[in-house]
Amino acid sequence: MPGTREAYLPAAARSNHAANLLALPNGDLLSFWFAGADEGESGVSIVLSRLDRGSSQWSQPLTLAQHPGWSDQNPVPFRAPDGRLWLFHTSQQAGKGQTTSVVYELTSEDEGHTWSAPRLLFTEPGTFIRQPLIVFHGAWLFPAYRSASAGITINAQNDVSIVRISRDRGKTWSTCPVPESGGLVQMNIVPIAGGRLRAFFRSRYADWIYRSDSVDGCHWSAPVATQLPNNNASIQAVRLQDGHLAMVFNNAQAGARREKPRTAARRVLSIALSLDDGKTWPRVRDLENDGLAPSLRPGEDAEYSYPSVAQLPNGSIAVAFTFRREAIRVMTFDEAWIRRGSTRGVFTGDRSALTP
């Protein structure tokens, strides 16, 4: 696509999904995802590919975690203030669903070239993660949720968001609930003006992206709908160096009313830009849609989903996402590229287009 640099990361298995990016201070870019026969099956593993600064070639995937009889998912990388890299991921019993999930941790002392063996961290069944940690007044804030559902619809209205907080660099953790968060998951926390925090949520109701605020990272307002649609699929936002917010999301919904857990197609993936801490999103541009993609083969799924967005030290923006479950696609561009484009999704950037 004109104005972007693009890559399809080397496939680690038949199915590849749920990437998360980590931009290092030296300019290297790491991508973590899970790969295997299929999501939820035994042997699905956590893998890592690396793009060294100045290189155009991503490394072959390195397997970091695999638990026979379990399905590893949703890797979440974190670079601590002391420079140590952490990697967290879920693991659920194969074929048993998310209610069996626990969370593991790994660490690296050499910028991700070598890693420790996985160690159990959160052992309460049903604990799930997806979004990055942030450091706030020295504390580590780790958004998570408790899954009451085997999948993403049945009983999913009882999935609730929490924030795990560590004040001793990951040795111990306390838990803060998010009020009225039933069915609102994969909480994504970003800092905003005034020393406050804003969080965005995926909705099991496939209606809207929701928003909640906090001044301390533990006490959160009840989430309210934004004007960005959601299809019960993952989102991700980042605060850019100039203070603007960038949000990558599936630009679709099952309906505007909050009814029952449901889903909508993952065929349009867009990036939106906010200049006012996420109150409005006047610029929206498609990264993928059926028109941009090559023709599909019979039986192939046009899924573009589970985005991760990071800003590199040079200011460019990188987005990684699932490309049809076949591979992880990475696109890199500048902020001006978002402003120059348009969308064919539900939300166009016009505030009057949608009314939550």
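Bear in mind the structure is a predicted one, so any value in this text is a computation, not a measurement. (Residues numbered from 1 in each chain as written. Predicted model: local features only at pLDDT ≥ 70, side-chain atom pairs only at ≥ 80, totals over all residues. Heavy atoms only, no water.)

Draft legend 1. Spotlight on the sheet that holds strand β2 (residues 15-23). Here we have four strands laid out as an open sheet, ordered β2-β3-β4-β5, and antiparallel in their pairing. The outermost strands of the open sheet, each flanked by one partner alone, are β2 and β5 (62-65). On average, adjacent strands in this sheet sit at an angle of 30° to one another, irrespective of strand direction. Where β2 and strand β3 (residues 29-36) come together, seven bridges link them in antiparallel fashion. When the sheet's bridge partners are listed, His17 is paired in β3 with Phe34. (Pairing = 2+ DSSP bridges. Helix = DSSP H or I, 4+ residues; strand = E, 2+ residues; numbered from the N terminus. Axes fitted to C-alpha atoms, helices over the stretch in contact; angles between N-to-C directions.)

Draft legend 2. Summary view of the nonpolar core. In this structure, Leu141, Ile189, Phe200 and Met247 are the most contacted members of the largest nonpolar core, which totals 32 residues. When residues of this core are traced back to their parent elements, those giving at least two are β11 (134-136), β12 (139-146), β13 (160-166), β15 (184-192), β16 (196-203), β17 (208-214) and β20 (245-250). The element best represented in this core is β15, accounting for five residues. Leaving out residues up to four positions away in the same chain, Ile189 has contacts with Ile134, Leu141, Pro143, Val163, Leu197, Arg198, Ala199 and Trp220. In terms of nonpolar packing, the next biggest core, distinct from the first, is built from 19 residues, Val238, Ala302, Val319 and Phe333 among them. (Core = buried A, V, L, I, M, F, W, Y, C linked by side-chain atoms within 4.5 Å. Buried < 20%, exposed > 50% of the residue type's maximum accessible area, 1.4 Å probe, protein only. Contact = heavy atoms within 4.5 Å.)

Draft legend 3. Summary view of the sheet that holds strand β24 (residues 317-323). Taking strand neighbours across the sheet as the criterion, the four strands line up as β1-β25-β24-β23 in an open arrangement whose pairing is antiparallel. Taken across any chain shown, the strands that pair with only one partner, and hence form the sheet edges, are β1 (5-8) and β23 (304-311). The mean angle between the axes of side-by-side strands here comes to 15°, regardless of whether they run parallel or antiparallel. In this sheet, strand β25 (residues 327-333) lies alongside β24 in antiparallel orientation, the contact comprising seven bridges. Residue pairing across strands places Ala318 opposite Thr332, the latter belonging to β25.

Draft legend 4. Main features of unusual backbone geometry. A positive phi is found at His137, a non-glycine position, where the angle reads about 50°. Turning to its location among the elements, His137 is positioned in the loop between β11 and β12. Overall, His137 belongs to the exposed group, its relative accessible area being 72%.

Draft legend 5. Structural context of the environment of Gly54. Structurally, the position occupied by Gly54 is in the loop between β4 (45-51) and β5. Separated by 44 residues in sequence, Gly54 and Pro10 have C-alpha atoms that sit 18 Å apart.

Draft legend 6. Summary view of the side chain of Arg164. Among the secondary structure elements, Arg164 is positioned in strand β13. Reaching out from Arg164, the side chain makes a polar contact with the side chain of Thr175 at a distance of 2.8 Å. With near-sequence residues (within four places) excluded, Arg164 lies in contact with Phe122, Glu124, Thr127, Trp140, Leu141, Phe142, Trp173, Ser174 and Thr175. (Polar contact = N/O pair within 3.5 Å; in protein donor to acceptor, adjacent residues only side chain to side chain.)

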